[in-house]
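# Overview (structure and organization)
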Amino acid sequence: MNDILLRSSNLTKKYKNHAAVNNVSLTIKRGDIYGFIGRNGAGKTTFLKMISGLAKQTSGNIELFGTDCNKQKELFSRIGVLIEAPGLFPNMTAFENLKMKCISLGIKEDNYIHEIIELVGLKGVDKKKTKNYSLGMRQRLGIGMALVGEPDLLVLDEPINGLDPQGIVEVRDTIQRLNKERNMTIIISSHILEELSKIATRYGIIDKGILLQELTNEELMESCSERIQITLSNAKEACTILEEKLGITDYKVIDPTTIYVFEQLNNPALINMTLCNNGVLVSSFHVANDDLETYFIHLTGGASYV
Amino acid sequence: MFRTIKMDLYRMFRSKSFYVTLFITYILVIVSIFTFKMVLSNDSLKNFYDQSLEASDSVNVGITAGMIYIDNAELKLGDLFSATVGGASIAVMAVIFAIIFICSEHSSGYIKNVVSRKGYREYFTISKAICMAIYLLISLLGTALFIGISSTLLLDNYTLGNIGEFAAYFFTQYLIHYAIVMLVIFLCNLTRNMAISMAAGICLCSGMVALLTGLLDRLKLNIVFSDYLLTTNMKLLPTSFNTTIYSRAILVSLVASVIFGISSIILMRKQDVR
């Protein structure tokens, strides 16, 4: 079975002269919970619309389940989608909205609808018209609509917007359960980076339509973990000194003048003194600990808000 | 495709606008017949309405709940039906329902849930066209039925008339109304805006386009443009069968339906979902 569920190659979407998505190439593997991060207007929703079949790309390629989407448009049918606000008829109940989608897929059992309603926590209010729903309830129903038909790939654009803390926890648990029990691959875009960091296994960071970085959760943890960040004259020489004099082996050379040290964090003064006494010029020395938000802000050039 | 049609039918029969527009249509019919009865009972009013409209090439602009030229002659189902249909009230209600039904799928965002299904972009128009065909059948049949029942109860000189002639008239008007609805479906897909589509649709039914073609007709070219308008054919179709007029009306309706249907499908294929 092909491990790569989605591959985009130089995917671009232009509106007149403005490139909302600019040559984005990424891969999503089967079983991933892929966190798609970007600020407002970065191009997340546009990208998600293209991979869901809602918008046509200006150029570039989308491969779904190992096949070019242009040749087999029915592949989009295997994707469950919640893009922007949930698409619900306000004068119909949750049951009726779900029923309609079931009819379109040939699902006849009403029990299936009740299962989805229970899964998204709307039991007891399914006969209420959706115009009387709170934002959180509509979001949950939107997720339920995306789940109808057991999609192989779930695309959720800001699914926890408007949810209360309990709702956020429930959605998080639902997503993790779907991923674990049904091996569902999920793409989530969100502004609430702290929540995303609790569930995502891989990340794609997009800004101004350009994919800046793709990294796994482990790579992100490594980048964000507490460390001593040292800017110095000669990284290679400094590493030798740290190993020989202090026995430090857990470090990483970022570039010829920057190293990260991940051990003996409670003794930064000793490390600094050792380097200086052995002729290594230290220009900057501090203990750093980024969270996902700080990492994102640094990567996108110091935005004042996410 | 059948699943898409089933889904849309499920929604149509649960939508308030379906029942409201039909209710208004039937109420207008009953009110027309009742008003007619009042005119027949009142000599001064009867004399006033006995002045027939002069036949002309121009088309009435506007919506009417029409009275017909009466004397002591029999009032046939066909004549009464023609007065109602020719007044464009049924067309207006059908247009209103079509616009609400189609635009709500875009405005609610529901289309995002289903548009990526295989073939949905093509089936969207076909499914809506079938739903509107069913709506129109219910609307026109119901109108004929309510005319028949209320006329039987209220009017003394009401008769069924020539059923064959009525059937031909009914069928032709059905096709004309269907073509108008297909045009509206195209407008909805083009604008994806309920207000613009509604304004355009109601202006269309009111015969506003006839004002433009009326100007073209004055150019005295060897063609009467107004004869090829859907609304002109709807309003001026005679109840007694005429091969030329009926053939032209049917042809115009079929051509319009096909053109607007295909155009709608092309639009749906090309447009991004907002």
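Before reading on, note that the structure itself is shown above.
This section reports on the structure supplied with the text. (Residues numbered from 1 in each chain as written. Chains lettered and ligands numbered in written order. Predicted model: local features only at pLDDT ≥ 70, side-chain atom pairs only at ≥ 80, totals over all residues. Heavy atoms only, no water.)

## Observations concerning the overall build of chain A
A tally of regular secondary structure across chain A gives 10 helices and 14 strands. Over its C-alpha atoms, taken along the principal directions, chain A stretches across nearly 75 × 40 × 40 Å. Within chain A, the fraction of its 306 residues that count as buried is 53%. Sequence separation of 24 or more characterises 67% of the internal contacts of chain A that already satisfy a separation of 6 or more. Put simply, chain A has 34 plus and 37 minus side-chain charges, and the middle of one group is 9 Å from the middle of the other. (Helix = DSSP H or I, 4+ residues; strand = E, 2+ residues; numbered from the N terminus. Buried < 20%, exposed > 50% of the residue type's maximum accessible area, 1.4 Å probe, protein only. Contact = heavy atoms within 4.5 Å. Lys, Arg positive; Asp, Glu negative; His and termini not counted. Charge placed at Lys NZ, Arg CZ, Asp CG, Glu CD.)

## Examining the sheet that holds strand β13 (residues 258-261) of chain A
All names here are of chain A. With antiparallel pairing, 4 strands are arranged side by side in an open sheet as β12-β13-β11-β14. A strand with exactly one partner marks an edge of an open sheet, and here the two such strands are β12 (251-255) and β14 (282-288). Strand after strand, the sheet turns through a mean of 20° between neighbouring axes, direction not considered. Where strand β11 (residues 227-232) and β13 come together, 4 bridges link them in antiparallel fashion. Bridging from a neighbouring strand, I228 pairs with V261 of β13. Sheet strands in contact with helix α8 (residues 235-246) are β11, β12 and β13, and its direction is about 25° off that of β13. With respect to the sheet, helix α9 (residues 268-277) is in contact with β11, β13 and β14, its orientation differing from that of β14 by roughly 160°. (Pairing = 2+ DSSP bridges. Axes fitted to C-alpha atoms, helices over the stretch in contact; angles between N-to-C directions.)

## A short note on a nonpolar patch on the surface
Residues V20(B), F23(B), I24(B), I27(B), L28(B), I30(B) and V31(B) make up a contiguous nonpolar surface patch of roughly 540 Å² in combined accessible area. Position of L28(B) among the secondary structure elements: in helix α2 (residues 16-41). (Patch = residues over 30% accessible without salt bridge, like charges linked within 9 Å, V, L, I, M, F, W, Y side chains within 5 Å. Areas by Shrake-Rupley, 256 points an atom, 1.4 Å probe, with all protein chains shown as cover. Salt bridge = Lys/Arg side-chain N within 4 Å of Asp/Glu carboxyl O.)

## Examining the interface of chain A and chain B
Across the contact, 34 residues belong to chain A and 22 residues belong to chain B. Taken over both partners, the interface formed by chain A and chain B buries close to 2500 Å², and the fraction arising from carbon and sulfur atoms is 57%. The interface formed by chain A and chain B includes 2 salt bridges. One salt bridge in this structure joins D272(B) and K13(A), with 2.7 Å as the shortest N-O distance. At the level of elements, β1 (4-15), α1 (44-52), β6 (79-82) and α2 (94-105) of chain A are the ones that each hand at least two residues to the side of chain A that touches chain B. Of the residues in the side of chain A that touches chain B, the class split is 18 nonpolar, 7 polar and 9 charged. (Buried area = accessible area lost by both parts, 1.4 Å probe. Nonpolar A, V, L, I, M, F, W, Y, C, P; charged D, E, K, R; others polar.)

## Let's talk about the environment of E226(A)
Residues and elements named next belong to chain A. If you trace the backbone, E226 turns up in the loop between α7 (217-224) and β11. Separated by 36 residues in sequence, E226 and F262 place their C-alpha atoms 7.0 Å apart. Setting aside chain neighbours within four positions, we find E226 in contact with F262, L265, V287, A288 and N289.

## Description of the packing of helix α5 (residues 89-107) of chain B against helix α8 (residues 163-191) of chain B
When two helices pack together, their arrangement is given by the angle between the helix axes and the distance between those axes. All names here are of chain B. At their nearest, the axes of α5 and α8 sit 9 Å apart, and the two run at 30° to each other. As summarised for this structure, α5 and α8 are arranged roughly parallel, according to the angle between their axes. For α5 against α8, the interelement crossing comes out right-handed. Between α5 and α8, the residues in contact are I90, A91, A94, V95, A98, I99, I102, C103 and H106 and H177, I180, V181, V184, I185, C188 and N189, respectively. (Parallel < 35°, antiparallel > 145°, perpendicular 65-115°, else oblique. Left-handed = near helix turned anticlockwise from the far one by under 90°.)

## Some remarks on the environment of E195(A)
All names here are of chain A. Topologically, E195 is positioned in helix α6 (residues 193-199). For E195, a relative accessible area of 11% corresponds to the buried category. Spatially, the C-alpha atoms of E195 and I160 are 9.1 Å apart, while their sequence positions differ by 35 residues. In this structure E195 touches I160, I168 and R172, once residues within four positions along its chain are discounted.

## Observations concerning the nonpolar core
All names here are of chain A. Membership of the largest hydrophobic core comes to 156 residues, with the highest contact counts inside it found for L64 and I187. Those residues in contact with I187, other than ones at most four positions away along the chain, are L6, I28, Y34, F36, L48, I51, L153, L154, V155 and L156. Membership of the second largest hydrophobic core comes to 15 residues, among which are I228, A235, L246 and L275. (Core = buried A, V, L, I, M, F, W, Y, C linked by side-chain atoms within 4.5 Å.)

## With respect to the sheet that holds strand β5 (residues 67-68) of chain A
Residue and element names in this part refer to chain A. Strand order in the open sheet formed by 4 strands is β2-β1-β4-β5, with antiparallel pairing between adjacent strands. Looking at which strands have only one partner, the edges of the open sheet turn out to be β2 (18-29) and β5. Note: strand β4 (residues 59-64) against β5, 2 bridges, orientation antiparallel. Bridge assignment links L64 to a residue of β5, and that residue is T67. Each of β1, β2 and β4 touches α1; the most contacted strand, β1, lies at about 120° to it.

## Here we look at the packing of helix α7 (residues 120-154) of chain B against α8(B)
Residue and element names in this part refer to chain B. As a packed pair, α7 and α8 sit with axes 9 Å apart at the nearest point and diverge in direction by 140°. Relative to α8, the element α7 lies oblique. The hand of the α7/α8 crossing is right-handed. Looking at side-chain class alone, the contact of α7 with α8 contains 18 nonpolar, 3 polar and 1 charged residues.

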